Amino acid sequence: MRKVYHKIIQIAGNVITVEADGVAYNDLAEVTSARGTSLAQVIRLQDRKVSLQVFTGSRGISTGDEVRFLGRPMRVSSSEELLGRIFTGAGKPRDNRPEITDKMIEIGGPSVNPARRIIPRKMIRTGIPMIDVFNTLVESQKLPIFSVAGEPYNELLARIAMQAEVDVIILGGMGLKYDDYLTFRNTLDEHGALSRTVMFIHTASDPVVECLLVPDMCLAVAESYALNNKRVLVLLSDMTNFADAEKEIAITMEQIPSNRGYPGDLYSQLAARYEKAVDFEGAGSITILAVTTMPGDDVTHPVPDNTGYITEGQFYLKNGRIEPFGSLSRLKQQVNGKTREDHRTVMDTMIRFYADYKETLEKQSMGFQMSSWDEKLLKYGKLFEKNMMDLSVNISLEDALDLGWKIFAECFDKTETGIKSDLIEKFWPKKS
Amino acid sequence: MLDSNNGYVVGVNGNMLTVEFTSSVTQNEVAYAKIGDLKLKAEVIRVRGNRADLQVFESTAGLKVGDEVEFTKSLLSVTLGPGLLKQVYDGLQNPLNKLSEKSGFFLQRGVYLDALDFDSEWLFTPMAAPGDHVSAGDPLGYVPEGIVEKHYIMVPFAFRGNWEVTYVAPAGTYKMKECMARLRNERGEEREVTMVQEWPVKVPVTCYKEKLMATKPLITQQRIIDTFFPVAQGGTFCTPGPFGAGKTVLQHSISRYADVDIVIIAACGERAGEVVEILREYPELVDPKTGRTLMDRSIIICNTSSMPVAAREASVYTAVTLAEYYRQMGLNVLLLADSTSRWAQALREMSGRLEEIPGEEAFPAYLESLIASFYERAGLVLLNDGKTKGSITIGGSVSPAGGNFEEPVTQATLKVVGAFLGLSRERSSARRFPAIHPLESWSHYKSVVNADEIKYAREILRRGQEVNQMMKVVGEEGTTLDDFVIYLKSEFLDFVYLQQNTFDEVDAASSAERQKYCFNKVVNVLKTRFKFENKEQARRFFQELRLTFTDLNYLPFKTEEFIKQEEKINAKIQEKAVHA
């Protein structure tokens with residue numbers, strides 16, 4: 001029988017310290033107080049002093065409360081039963097259904113041997129032209145969605161969750177507004193996607209420590225599914241809240257902050273999560289899409305900055321659209337040559353014209369006279385924004401490419417596009 | 001009762017252990033913390049009283065106060081010997097391919113394998129004879145190792161003083177740990193030499209006569225580097241830049257085309273995906289110089305961002321020690337570290353755990369001296385025989401937070417390197433690659449082309465930028481035609497010479513000869529006076545001229561098409577040139 005300790009010698013922030021023997025680093029304990037029982041994790045050992053991070057927070061814990069060590073680290077079930085279920089950051093059911101305790105695995109496992117990784121090669125279709133055509137999502141990619149507060153990033157994630165061609169979706173919510181959580185749940189339910197989804201949700205009113213656990217819980221489950229030949233898409237929102245929770249704990253533990261209060265290991269902490277994205281040779285894969293809100297639309301803020309150095313590109317959400325210039329999928333070259341022969345050409349040409357359109361807009365706003373070419377560009381820009389960039393557009397890649405040709409034909413003549421003649425021959429819409 | 005070499009854990013904080021010991025410990029000594037049968041490698045980094053702080057190279061989960069720690073008495077070392085080439089190691093020199101055979105997809109902690117295959121056999125040819133007097137680093141014989149025809153079996157670097165050879169194995173095939181020679185020193189101490197030796201990674205190998213001035217350019221076949229911001233064999237350079245500016249692509253290009261014997265790539269704390277490209281592509285790509293694959297001349301040290309942080313710190317030292325080993329054979333070695341910022345961050349994490357007083361941005365105060373001593377391990381050296389030279393060139397990429405070069409790691413690096421190739425977001429978002437900023441970068445080394453012409457070209461770039469900025473205020477119509485032509489010339493230089501397409505087979509690599517030839521042509525255009533009636537005409541002319549030059553860049557040097565294209569260019573220039 002595990003020994004129970006009754007003497008808490010320090011309570012600071014969400015961290016309590018007890019004197020105990022034979023406790024292992026990272027192990028869990030149960031803290032029983034007047035408010036009920038909470039899990040806690042060992043985050044520092046110093047002689048007999050054991051510091052624990054209490055998942056539900058330290059409020060209401062008294063120095064005489066009971067601490068019982070469980071002798072094991074944090075675990076999560078990897079059972080198939082998880083599908084369709086919703087849990088808290090600590091792995092407790094949020095949907096009033098029974099707890100699942102079979103096939104328990106440890107979270108935060110070791111990283112994949114780089115020698116066993118393979119070059120990504122499979123596209124993930126999402127039905128969103130700004131992704132499929134212009135910045136293709138690739139299996140095993142890790143991509144953040146850089147966004148300002150107020151942008152419809154959660155709607156975007158929910159749409160991707162419904163439409164993406166993958167086997168399993170794992171959604172991790174960190175600091176979600178309760179409304180957003182309900183929106184996620186209801187949208188997925190309405191579209192019948194809930195049955196292939198597992199959700200780990202930490203809402204803004206939940207204890208901050210649970211927020212820290214969400215990515216690890218999601219990725220541990222994702223890893224075990226991927227090893228069982230599943231193509232898993234992990235959606236995380238919002239990683240800035242995760243980083244802020246890291247900051248909070250670090251400050252409580254009196255660590256020296258490095259940049260704007262964030263701990264010095266922010267990069268390593270983020271990388272340890274993002275680098276779980278992988279394509280297992282001979283098994284499934286994990287792809288990660290994570291919302292990162294940028295405080296003040298500042299991409300040099302420590303969280304988006306460190307993220308950018310880790311991820312393979314970014315989607316930049318601005319004014320309700322995925323901005324074609326700031327966004328980048330570093331892996332798109334691996335797949336967009338193999339979809340349809342006109343994919344790259346349509347992509348390049350559309351972006352080139354859109355950049356020209358932006359210039360023309362500037363000229364127009366400065367009161368310059370518009371040439372007939374400018375008029376064509378203006379027409380093009382409007383069509384492009386309406387039919388391609390709008391987030392509500394939902395068409396397959398092939399339809400999107402055809403649509404691109406249609407927009408070209410509506411605005412320009414064949415030679416003006418500067419596209420190679422064999423492609424024009426094949427794809428230019430025939431007048432009916 | 002504790003063994004004298006043992007201690008026990010009294011504190012765990014992240015990857016830092018505090019250990020109480022009874023006898024003596026050495027700074028930077030390796031120790032193993034035991035969890036049951038599992039042994040976790042660690043290094044002593046601070047000693048206070050009878051307690052030592054250790055950084056653990058693995059996850060510390062599960063360690064308890066009271067767990068046993070075993071001190072080894074030896075410093076963190078690498079294994080040196082034939083068979084290092086083509087290997088893929090982690091930061092502690094564990095062969096990753098063998099690890100995956102053993103533990104599958106994941107890197108299980110506590111699994112350490114031999115860096116070299118000690119059962120492999122090598123064809124030995126003796127060079128020394130009994131009675132010879134030798135000292136550390138002197139060759140006793142050699143074995144062929146792939147592209148290295150003579151991989152010298154040397155007097156181990158740790159053998160101090162003078163030694164007399166008493167036995168050398170006859171020519172033949174031997175296993176790595178067989179006795180290849182026996183040496184005796186003045187005190188009569190006799191020791192055996194095998195093909196394998198160990199060397200502590202944080203101590204530079206100094207078994208050479210003297211360090212020389214690095215003067216010979218190291219041709220990277222990247223025009224903007226070799227012509228404008230050259231790197232010398234035995235020199236150092238750094239490539240700082242924000243994310244997405246193409247640091248890694250640039251490093252990969254350099255590693256492919258650089259004119260050196262051996263390339264060591266230290267992927268330190270960066271994306272695993274990028275290493276995978278190297279791992280999967282290099283065995284396929286042919287090195288035009290040797291006709292073998294690029295992998296044949298490479299060693300890859302890879303400690304990517306999600307691998308243990310302390311091993312990340314070790315990985316750059318492991319890489320540079322391997323480089324020093326091959327330099328000792330008279331070879332030219334290029335070490336590319338991507339990225340040194342991650343290494344510095346690893347130092348910062350540890351320093352924080354040690355609760356040291358922080359410097360700027362919480363980096364430790366000794367950051368500068370550590371960066372300096374790392375880059376100082378580069379250099380061109382004259383070996384003990386007085387005639388053979390070997391070199392290490394170090395190129396480190398830096399990932400400054402927010403792309404701001406004012407931060408401590410970039411600044412500390414700039415103090416010690418010989419060339420600064422600063423990548424700019426402005427150029428990368430304009431898709432001008434390589435995005436090395438032509439006005440902010442600098443180099444202390446000698447270029448492959450004439451210095452006066454470079455000065456002239458840079459002057460054009462500088463003035464072109466001034467005109468460009470002025471135009472943003474007063475508009476094109478407020479600019480004189482002469483100024484406008486200077487602007488067009490600077491853009492011309494940028495497009496046809498500074499920019500280079502890494503993904504084109506021909507343009508990706510430009511030989512020194514070709515650079516001299518083409519730069520001359522470009523400078524001629526810059527120096528030529530042209531006569532235009534108006535700006536529109538000037539713009540059109542330069543657009544067309546630019547196109548003829550970029551076409552030239554895609555043609556193999558001195559082929560028939562190349563010469564034909566040149567004629568087109570000459571004709572084009574003559575259209576508007578004014579002859580004095």
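Residues numbered from 1 in each chain as written. Chains lettered and ligands numbered in written order. Predicted model: local features only at pLDDT ≥ 70, side-chain atom pairs only at ≥ 80, totals over all residues. Heavy atoms only, no water.

In terms of regular secondary structure, chain B is built from 14 helices and 26 strands. Against the compact-globule benchmark of 25 Å for 580 residues, chain B has a radius of gyration of 27 Å, which places it among compact chains. Principal-axis analysis of the C-alpha atoms gives chain B an extent of 95 × 55 × 40 Å. For chain B, buried positions account for 59% of its 580 residues. Sequence separation of 24 or more characterises 70% of the internal contacts of chain B that already satisfy a separation of 6 or more. Of the roughly 23,300 Å² of accessible surface on chain B, 49% is carried by carbon and sulfur atoms. (Helix = DSSP H or I, 4+ residues; strand = E, 2+ residues; numbered from the N terminus. Rg over C-alpha atoms; globule rule 2.2 N^0.38 Å. Buried < 20%, exposed > 50% of the residue type's maximum accessible area, 1.4 Å probe, protein only. Contact = heavy atoms within 4.5 Å. Areas by Shrake-Rupley, 256 points an atom, 1.4 Å probe, with all protein chains shown as cover.)

Adjacent strands of a sheet form backbone hydrogen bonds with each other and so pair up, either parallel or antiparallel. Residue and element names in this part refer to chain B. Here 4 strands make up an open sheet; going across it, the order is S12-S11-S9-S14 and the pairing antiparallel. Each having just a single partner strand, strand S12 (148-154) and strand S14 (172-175) make up the two edges of the open sheet. Taken over all neighbouring pairs, the strand axes of this sheet differ in orientation by 45° on average, direction set aside. Sheet contacts for helix H5 (residues 309-327): strand S11 (139-145) and S12; angle to S12, the most-contacted strand, approximately 100°. (Pairing = 2+ DSSP bridges. Axes fitted to C-alpha atoms, helices over the stretch in contact; angles between N-to-C directions.)

Residue position: Asp 494 of chain B is located in helix H11 (residues 481-498). The class of Asp 494 of chain B is buried, set by a relative accessible area of 4%.

A few words on the interface of chain A and chain B. Taken together, the contact between chain A and chain B spans 49 residues of the former and 61 residues of the latter. Approximately 4,700 Å² of surface area, both sides summed, lies buried where chain A meets chain B, with 54% of it carried by carbon and sulfur atoms. Scanning the region where chain A abuts chain B turns up 2 salt bridges. Residue Asp 47 of chain A is joined to Arg 51 of chain B by a salt bridge in which the shortest nitrogen-to-oxygen separation is 2.6 Å. Viewed at the interface, chain B and chain A are joined by 26 residue pairs in polar contact (both at pLDDT 80 or more). Taken together, the elements giving at least two residues each to the side of chain A that touches chain B come down to strand S5 (36-46), helix H4 (208-227), strand S17 (257-259), helix H6 (266-274) and helix H7 (302-310) of chain A. Take the side of chain A that touches chain B: its biggest share by element is 6 residues, from H7 of chain A. Taken together, the residues of the side of chain A that touches chain B break down into 23 nonpolar, 15 polar and 11 charged. (Buried area = accessible area lost by both parts, 1.4 Å probe. Salt bridge = Lys/Arg side-chain N within 4 Å of Asp/Glu carboxyl O. Polar contact = N/O pair within 3.5 Å; in protein donor to acceptor, adjacent residues only side chain to side chain. Nonpolar A, V, L, I, M, F, W, Y, C, P; charged D, E, K, R; others polar.)

Residue and element names in this part refer to chain B. For the pair H5 and helix H6 (residues 340-353), interaxial distance at closest approach is 8 Å and the crossing angle is 130°. Our classification of the angle between H5 and H6 gives oblique. Helix-helix and strand crossings are classified by hand; for H5 and H6 the assignment is left-handed. Together, Val 309, Arg 312, Glu 313, Val 316 and Tyr 317 of H5 and Arg 342, Trp 343, Gln 345, Ala 346, Leu 347 and Glu 349 of H6 make up the contact between the two elements. When the residues that make up the contact of H5 with H6 are grouped by side-chain class, the tally is 6 nonpolar, 1 polar and 4 charged. (Parallel < 35°, antiparallel > 145°, perpendicular 65-115°, else oblique. Left-handed = near helix turned anticlockwise from the far one by under 90°.)

Now for the domain arrangement of chain B. Each assigned domain of chain B is listed here: domain 1 (2-76), domain 2 (116-197), domain 3 (213-443) and domain 4 (451-576). A C-alpha centroid distance of 57 Å is found between domain 2 of chain B and domain 4 of chain B. (Domains from an automatic or database assignment.)

Residue and element names in this part refer to chain A. Running from amino to carboxyl end, helix H5 (residues 239-252) crosses H6 at an angle of 135°, the nearest separation of the two axes being 11 Å. Taken as axis vectors, H5 and H6 run oblique relative to one another. Taken as a pair, H5 and H6 cross one another with a handedness that is right-handed. On H6, the residues touching Met 239, Phe 242, Ala 243 and Glu 246 of H5 are Leu 266, Gln 269, Leu 270, Arg 273 and Tyr 274.

On to the state of the cysteines. All names here are of chain A. Evaluation of the coordinates by the stated rule reveals 0 disulfides over all chains. Not engaged in a disulfide, the cysteine Cys 211 finds its nearest cysteine sulfur in Cys 218; these two sulfurs lie 11 Å apart. The exposure class assigned to Cys 211 is buried, which follows from its relative accessible area of 2%. (Disulfide = S-S within 2.5 Å.)

Residue and element names in this part refer to chain A. Most of strand S21 (residues 313-318) sits out of view: 5 of its 6 residues are buried. The pairing of strand S13 (residues 142-147) with S21 spans 3 bridges and is parallel. Of the residues in S21, the one forming a bridge with Ser 147 is Leu 317. Two elements, S21 and strand S23 (residues 328-329), share 2 bridges in a ladder whose sense is antiparallel. Considered in S23, the bridge of Gln 314 is made with Leu 328.

Attention now goes to helix H3 (residues 178-190) of chain A. All names here are of chain A. Helix length check: H3, at 13 residues, gives a terminal C-alpha distance of 18 Å against a target of 18 Å (1.5 Å per residue), a fit within 8%. If you check which residues of H3 are buried, you get Asp 180, Tyr 181, Phe 184, Thr 187 and Leu 188. Seen end-on, H3 carries its buried residues on one side only, within an arc spanning 140°. For H3, the exposed residues lying more than 90 degrees away from the buried face are Asp 179 and Glu 190. On the buried face of H3, the contacting elements are strand S9 (86-87), helix H2 (153-163), strand S14 (168-176) and strand S15 (197-203). Immediately beyond the C-terminal end of H3, within one or two residues, lies Gly 192, with a positive phi of roughly 65°. (Expected span 1.5 Å × (residues − 1). Arc of directions from axis to C-beta.)

So, on to the domain arrangement of chain A. Residues and elements named next belong to chain A. Looking at the assigned domains, one finds that chain A contains domain 1 (4-73), domain 2 (80-331) and domain 3 (343-427). Each of domain 1 and domain 2 has a C-alpha centre, and these two points are 29 Å apart. Tallying the contact residues gives 14 residues for domain 1 and 12 residues for domain 2. When residues of domain 1 are sorted by the area they lose upon contact with domain 2, Asn 14, Gln 53 and Phe 55 head the list and together hold 45% of the total. If you look at where domain 1 meets domain 2, you find 0 residue pairs in polar contact (both at pLDDT 80 or more). Elements with a minimum of two residues in the side of domain 1 that touches domain 2: S5 and strand S6 (49-54). Of the residues assigned to the side of domain 1 that touches domain 2, the class counts are 6 nonpolar, 7 polar and 1 charged.

Bringing a nonpolar patch on the surface into the picture now. A grouping of Met 470, Val 473 and Val 474 of chain B is seen on the molecular surface, where their side chains present a nonpolar patch of about 280 Å² in accessible area. The class of Val 473 of chain B is exposed, set by a relative accessible area of 72%. (Patch = residues over 30% accessible without salt bridge, like charges linked within 9 Å, V, L, I, M, F, W, Y side chains within 5 Å.)

Spatially, the 4 strands line up as an open sheet ordered S10-S13-S15-S16 (chain B), and their pairing is antiparallel. Every other strand in the sheet has two partners, leaving strand S10 (133-134) and strand S16 (190-193) of chain B as the edge strands with one partner each.

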